[in-house]
Amino acid sequence: MAADIGVTHAKRHYRGMMATILRHVQDPRWLTILAVTPPASLGQIPDWQGITQIPQVSGSLSPRLAQIFARKGPTLVIGTDSPQVRSRDIAAAFQALRHTDVVFGPASDGGFWLMGANGPLSPAKFEGVRWSTEHTLADIKAQFGRVATLRTLTDIDDLQALKAYRRSHFQSR
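**Student:** I tried to follow the side chain of Asp27 on my own but got confused; where do I start?
**Tutor:** Structurally, Asp27 is set in the loop between α2 (7-25) and β1 (33-36). Residue classification places Asp27 among the buried positions, given a relative accessible area of 17%. Separated by 2.9 Å, the side chain of Asp27 and the backbone nitrogen of Arg29 make a polar contact.

**Student:** What should I look at first to understand the pattern of salt bridges in this one?
**Tutor:** A side chain of one charge can pair with a side chain of the opposite charge when the charged atoms of the two come close. Scanning all chains against the criterion turns up three salt bridges. Where Arg29 meets Asp27, a salt bridge forms, and the shortest distance between an N and an O atom there is 2.9 Å.

**Student:** Can you walk me through helix α3 (residues 61-68) in this structure?
**Tutor:** Helical periodicity: at 3.6 residues per turn, an α-helix aligns residues three or four positions apart in one direction. By the burial criterion, the buried members of α3 are Ser62, Leu65, Ala66 and Ile68. Looking straight down α3, one finds its buried side chains confined to an arc of 165°; they lie on one side. Those residues of α3 that are buried are in contact with β2 (52-55), β3 (73-78) and β5 (112-119). A distance of 3.2 Å separates the backbone nitrogen of Ser62 from a side-chain oxygen at the start of α3, and that oxygen is part of Ser60.

**Student:** Where do I start with the sheet that holds strand β4 (residues 102-106) in this structure?
**Tutor:** Two orientations exist for strands paired in a sheet by backbone hydrogen bonds: parallel and antiparallel. As summarised here, the arrangement of the four strands in space is β3-β5-β4-β6, forming an open sheet in which the pairing is mixed. Lying at the two open borders of the sheet, with one neighbouring strand each, are β3 and β6 (147-149). Each strand axis lies, on average, 15° off the axis of its neighbour in the sheet, ignoring direction. Looking at chain direction, β4 and β5 are connected through five bridges and run antiparallel. When the bridges of β5 are listed, Pro106 appears paired with Phe112. In the packing of helix α4 (residues 87-96) onto the sheet, the strands contacted are β3, β4, β5 and β6, and the crossing angle to β3 comes to about 145°.

**Student:** How do you make sense of the environment of Ile33 when you look at a structure like this?
**Tutor:** Inspection of the secondary structure assignment puts Ile33 in strand β1. Each C-alpha atom of the pair Ile33 and Gln67 lies 13 Å from the other, and the pair is 34 residues apart in sequence. With residues near it in sequence (within four places) discarded, Ile33 still touches Ile51, Thr52, Ile54 and Arg71.

What counts as what
- Residues numbered from 1 in each chain as written.
- Predicted model: local features only at pLDDT ≥ 70, side-chain atom pairs only at ≥ 80, totals over all residues.
- Heavy atoms only, no water.
- Helix = DSSP H or I, 4+ residues; strand = E, 2+ residues; numbered from the N terminus.
- Buried < 20%, exposed > 50% of the residue type's maximum accessible area, 1.4 Å probe, protein only.
- Polar contact = N/O pair within 3.5 Å; in protein donor to acceptor, adjacent residues only side chain to side chain.
- Salt bridge = Lys/Arg side-chain N within 4 Å of Asp/Glu carboxyl O.
- Arc of directions from axis to C-beta.
- Contact = heavy atoms within 4.5 Å.
- Pairing = 2+ DSSP bridges.
- Axes fitted to C-alpha atoms, helices over the stretch in contact; angles between N-to-C directions.

Quick look at the structure:
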């Protein structure tokens, strides 16, 4: 989005989306953790009602996801660029993990807004994925057998997606 509207405005929109998502997904049924990059940003992001912040490893999404999914048990990762996410989506993902090992929330651009798994997962599951392309979800799903799928949402990665989201958001009010 920064290429379309500039870094300052993109950061403002990103912070707004992140705040919206964090408000909408917090629930006493699960622990919400905010993975932050670069690590120097820890503590720079406002304390979202006591949400724990942890540093992310550097690099592409492959090592970042491998780090999170090294944990044992059901774990979900969501992006902070799909402000339509609600706690009911998170609950549905945890419910799906009772019957399958992996769950995805597809994004309309070919990626995903949520990935959940009963970990730990091998870091090899994240290799060979063409990140940030229309092939992302298909590439990562190919690493797994049976997967569950949630509703499709829109990632707001550019000005066109932001405008479309605003139109749909304000029409639904």
